[in-house]
Structures are given as structure tokens and as C-alpha cells.
Amino acid sequence: MTSRSNNSNCENQSCNIPLSKYIFLNDNQTNSGLIQWINSFEFIRLKKNIARDFSDATMIAEIMKFYWPKLIELHNYVPSSSLSNKISNWETLNRKVLKKVKLPLSRATIEKLSTADPRNIFQFLSSLKFVIEELEREKKIEFEKTQISPLYIIANDDMIQVSETDFCTKEYLNEEVVQLICKLKHKVKDMEQKIDNMSSLICAKDMKINDLQLQLNQKKKDNTI
């Protein structure tokens, strides 16, 4: 392990990895997004070479500890340069954590990772990054759901709260509510027009009734004379 005193350019033992050091085999471009993601973590050991750094699974365990703290016990993963110990670390991680987060590894893959094969290390880190990003996305969606104001519609003179379902997204639900409101507005307008028409008819009938009443009163008056 390189100590802090032997690397004056690093403020701590999580010194960032130079992008130029990590290139896919037979590839001319660095995977800068993945390296930047790795550099966002602070590790116990100093980062030197991505293939060797992650080959014993200890740094993988540190990353996963941040997102799945209840699944990871760091003392189970001992830094080692021994192939058998590296394989043991990966097998423990695979059994206790990776299978539970739907990222299981085969025995052949574990052996390749333990031998510090750069392509397999990069592929695994990319897969892990994807799983973590999906986890963060799901957490964000769940959080946003708790921040959404309840939606209501009026049906049969009752105000009903409408909730989202697995088959109805917020955007789709809002569109449905808007369409319903438009339909209700048209119905209200039609009803108002009908009421106006009825009012006119009632007014005309009242006038006719009054006229007939006057005629009746006049006849009664004439008969009394």
C-alpha cells in the first residue's frame, strides 16, 4: 500500500485515477464516465491501477457498502495479492451481496476478475454502475411520489381522490383528468343552455297564465253586472 507521504500530490488515499491510465483492451478511447464515477468515491487504499485495485473485490465492497450498508461487512473482505484469497473475497461478495442485487457472477468470471483482467474489471464496474444508477432512479421516483399533491375528480357529486397505479403513470393520469374536466365543462355548458331555454319557456307560460287569469277575472266581473 502506498502511504500518503509517498504521494505528495494526493490529499488523501483516494487520489483520483488519471484517465489516460485506463483504456479498454484494443480500444483507443478511455472510459472517462466510468473513471469519473470511480473517482467520486473515497477508498481506504490509494487508487493506482484499476485492474489490480479492484481484483481482490475490497474496493467493490467499499462502493457497495455506500448503497447497501446492511448487506456489506467490510471485515469480510481482506486486501490481498494472493489469487486464492482474491477468489475467496469475490465468492463471499457474490454469495452475500451480488446475487441479492441481481448481479450474480459465474465461477469463470470470478477467476478472470481475480486475475486482474482489465476488460472484465471494466465490464463488471460498468454493470455495477448501471445497477446503482437504476437503484438511485427508483429511489428518486419513490421520493417524488411522496411529494405529489393528491389528485381529485368529481363523480356523482362526490369528490374522489385518484391515486397512481402500476398501469397508469402520473402524466397519463393528469391527461385523463384534464380530458374529464373538459367533458364536464361541456356538459355544464349544455345544461346551462337548457336551463336558459327552460327559463324562457317558463316565463312565456307564466305570461300566458297571467293573461288567461286576467281574461277569466274580466268574464267573472261581466257576469256579475
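These numbers were taken from a predicted model, which means no experiment stands behind them. (Residues numbered from 1 in each chain as written. Predicted model: local features only at pLDDT ≥ 70, side-chain atom pairs only at ≥ 80, totals over all residues. Heavy atoms only, no water.)

Novice: Quick question: what am I supposed to make of a nonpolar patch on the surface here?
Specialist: A grouping of Met198, Leu201 and Ile202 is seen on the molecular surface, where their side chains present a nonpolar patch of about 300 Å² in accessible area. Mapped onto the fold, Met198 is located in helix H7 (residues 170–224). (Patch = residues over 30% accessible without salt bridge, like charges linked within 9 Å, V, L, I, M, F, W, Y side chains within 5 Å. Areas by Shrake-Rupley, 256 points an atom, 1.4 Å probe, with all protein chains shown as cover. Salt bridge = Lys/Arg side-chain N within 4 Å of Asp/Glu carboxyl O. Helix = DSSP H or I, 4+ residues; strand = E, 2+ residues; numbered from the N terminus.)

Novice: Can you walk me through the packing of helix H4 (residues 83–98) against helix H5 (residues 107–114) in this structure?
Specialist: Between two packed helices, both the angle of their axes relative to each other and the distance between the axes serve to describe the pair. Two numbers describe how H4 lies on H5: the axes approach to 9 Å, and their chain directions differ by 130 degrees. Looking at the two axes, H4 sits oblique to H5. Viewed along their axes, H4 and H5 form a crossing whose handedness is right-handed. For the pair H4 and H5, the contacting residues are Leu83, Lys86, Ile87, Trp90, Glu91 and Asn94 in the first and Arg107, Ile110, Glu111, Leu113 and Ser114 in the second. Of the residues assigned to the contact of H4 with H5, the class counts are five nonpolar, two polar and four charged. (Axes fitted to C-alpha atoms, helices over the stretch in contact; angles between N-to-C directions. Parallel < 35°, antiparallel > 145°, perpendicular 65-115°, else oblique. Left-handed = near helix turned anticlockwise from the far one by under 90°. Contact = heavy atoms within 4.5 Å. Nonpolar A, V, L, I, M, F, W, Y, C, P; charged D, E, K, R; others polar.)

Novice: Would you explain the nonpolar core in this entry?
Specialist: Generally speaking, nonpolar side chains in soluble globular proteins are found buried as a group. Core analysis: the biggest nonpolar cluster contains 36 residues, and Phe54, Met64, Leu93 and Leu128 have the highest contact counts within it. Secondary structure elements with two or more residues in this core: helix H1 (32–39), helix H2 (50–54), helix H3 (58–67), H4, H5 and helix H6 (118–147). Sort the elements by how many residues they give to this core and H6 lands first, with eight residues. (Core = buried A, V, L, I, M, F, W, Y, C linked by side-chain atoms within 4.5 Å. Buried < 20%, exposed > 50% of the residue type's maximum accessible area, 1.4 Å probe, protein only.)

Novice: Mind showing me how you'd approach the pattern of salt bridges here?
Specialist: Two side chains of opposite charge can pair, provided their charged atoms sit close to one another. Scanning the model with the defined rule gives six salt bridges in all. Across the pair Arg137 and Glu134 runs a salt bridge, and its minimum N-O distance is 3.2 Å. Taken together, the residues Arg137 and Glu134, both in helix H6 and three residues apart, mark about one turn of the helix. For Lys139, the salt bridge is made with Glu136, and the minimal N-O distance between the two is 4.0 Å. In this pair, Lys139 and Glu136 both sit in helix H6, three residues apart, roughly one turn of the helix. Here Lys139 falls in the partly exposed class, since its relative accessible area comes to 45%.

Novice: Would you take a moment to explain a positive patch on the surface for this structure?
Specialist: On the surface, Arg95, Lys96, Lys99 and Lys100 cluster together into a patch of positive charge. Within the secondary structure, Lys99 sits in the loop between H4 and H5. (Lys, Arg positive; Asp, Glu negative; His and termini not counted. Charge placed at Lys NZ, Arg CZ, Asp CG, Glu CD.)

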